[in-house]
Amino acid sequence: MSDAFFHTLAKEAASLYPARDRFARHFAAGKLKGDPAFAHLLRAQLVRPGARVLDLGCGQGMLAALLRAARERKERGDWDSSWPAPPAVQRYLGIELMATDVKRARHAAGPDGHATFVQGDIRTIEFGHADTVVILDVLHYVSYEEQDEILERVRASLSGGGVLLVRVGDESGSMRFRYTLFIDRLVMALRGHRLPRLYCRSLARWMATLKELGFEVVSTPMSEGTPFANVLLVARYHSHG
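Quantities reported herein were computed from a predicted structural model and do not represent experimental measurements.

> Can you tell me about the sheet that holds strand S7 (residues 230-237), naming the residues and giving the values?
Reading across from one edge, S3-S2-S1-S4-S5-S7-S6 is the order of the seven strands in this open sheet, with mixed pairing throughout. On the outer flanks of this sheet lie strand S3 (115-119) and strand S6 (216-221), each paired with one strand and no other. Sheet twist, expressed as the mean angle between neighbouring strand axes with direction ignored, is 15 degrees. Contacts from helix H4 (residues 62-75) reach strand S1 (52-56), strand S2 (91-96), S3 and strand S4 (132-136) within the one sheet, and its direction differs from that of S2 by about 155 degrees. Sheet strands in contact with helix H6 (residues 144-157) are S1, S4, strand S5 (162-169) and S7, and its direction is about 155 degrees off that of S4.

See below:
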């Protein structure tokens, strides 16, 4: 599968943000091209066609922008056949705390009636029902108790069966993890967030927490080509009700 093709796709997704908002465009282009999670989500077909997607802490809506750019390129007949066809989702709901990022996400989504972005706190806002829940690099910003509560509510939103895609840092004493925290704090400061404390867990603790909630979990390292200690957890929930 061509990395050059994905980099072109990432640039097209970044171009969906306002030309005057250079920060949003540059941040999206750098993040989509440099962060292996986004290419992996497409390559591994982790967002299925027809899914109701819930993106918690969606930021400026980069995943939704990427899916829109991919869908439009496929419709133009300019799709690299070595990549799986991009999914046409039934509904995309992004929830984000920062009003500026919500505005950016709405602009990048364009007139697509399938994508909605709302300003809200994922600790308290209603989730509704979903088939795919995405939480990328978000949970460590809230307390351990709040993490557990959010994950319980995610499980309830997936009561009919579904998948949780959660990217976390693997807490340890390694240089990779310390560097991950340093860059995280730096980026969040640039985006106007103050982070008095981060609530991290080891990979083993993350997996144990999800398994206790009834999820079947598979972990995939998600740091290739980066100095970070990130892991993507694919957690599937099958209701027994």
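> Any chance you could break down unusual backbone geometry for me, citing the residues and the numbers?
Its identity is not glycine, yet Gln-45 carries a phi of approximately 55 degrees, on the positive side. Position of Gln-45 relative to the elements: it lies in the loop between helix H3 (36-43) and S1. Residue Gln-45 is classed as partly exposed on the basis of its relative accessible area, which comes to 37%. Located in the positive-phi region is Asp-137, a residue other than glycine, with phi close to 60 degrees. Of note, Asp-137 is situated in the loop between S4 and H6. Asp-137 gets classed as buried once you look at its relative accessible area, which sits at 19%.

> Outline the pattern of salt bridges, listing residues and values.
Under the counting rule described, the total for this entry stands at 13 salt bridges. Glu-72 is the partner of Arg-68 in a salt bridge, and the nearest nitrogen-oxygen pair spans 2.8 Å. In this pair, Arg-68 and Glu-72 both sit in helix H4, four residues apart, roughly one turn of the helix. A salt bridge links Asp-101 to Arg-104; the nearest nitrogen and oxygen atoms lie 3.2 Å apart. Note that Asp-101 and Arg-104 are positioned in helix H5 (residues 99-109) at a spacing of three residues, about one turn of the helix. A relative accessible area of 4% means that Asp-101 is categorised as buried. Put simply, Glu-12, Arg-73, Arg-76 and Asp-78 are held in one network by salt bridges that share partners.

Analysis parameters
- Residues numbered from 1 in each chain as written.
- Predicted model: local features only at pLDDT ≥ 70, side-chain atom pairs only at ≥ 80, totals over all residues.
- Heavy atoms only, no water.
- Pairing = 2+ DSSP bridges.
- Helix = DSSP H or I, 4+ residues; strand = E, 2+ residues; numbered from the N terminus.
- Axes fitted to C-alpha atoms, helices over the stretch in contact; angles between N-to-C directions.
- Contact = heavy atoms within 4.5 Å.
- Buried < 20%, exposed > 50% of the residue type's maximum accessible area, 1.4 Å probe, protein only.
- Salt bridge = Lys/Arg side-chain N within 4 Å of Asp/Glu carboxyl O.

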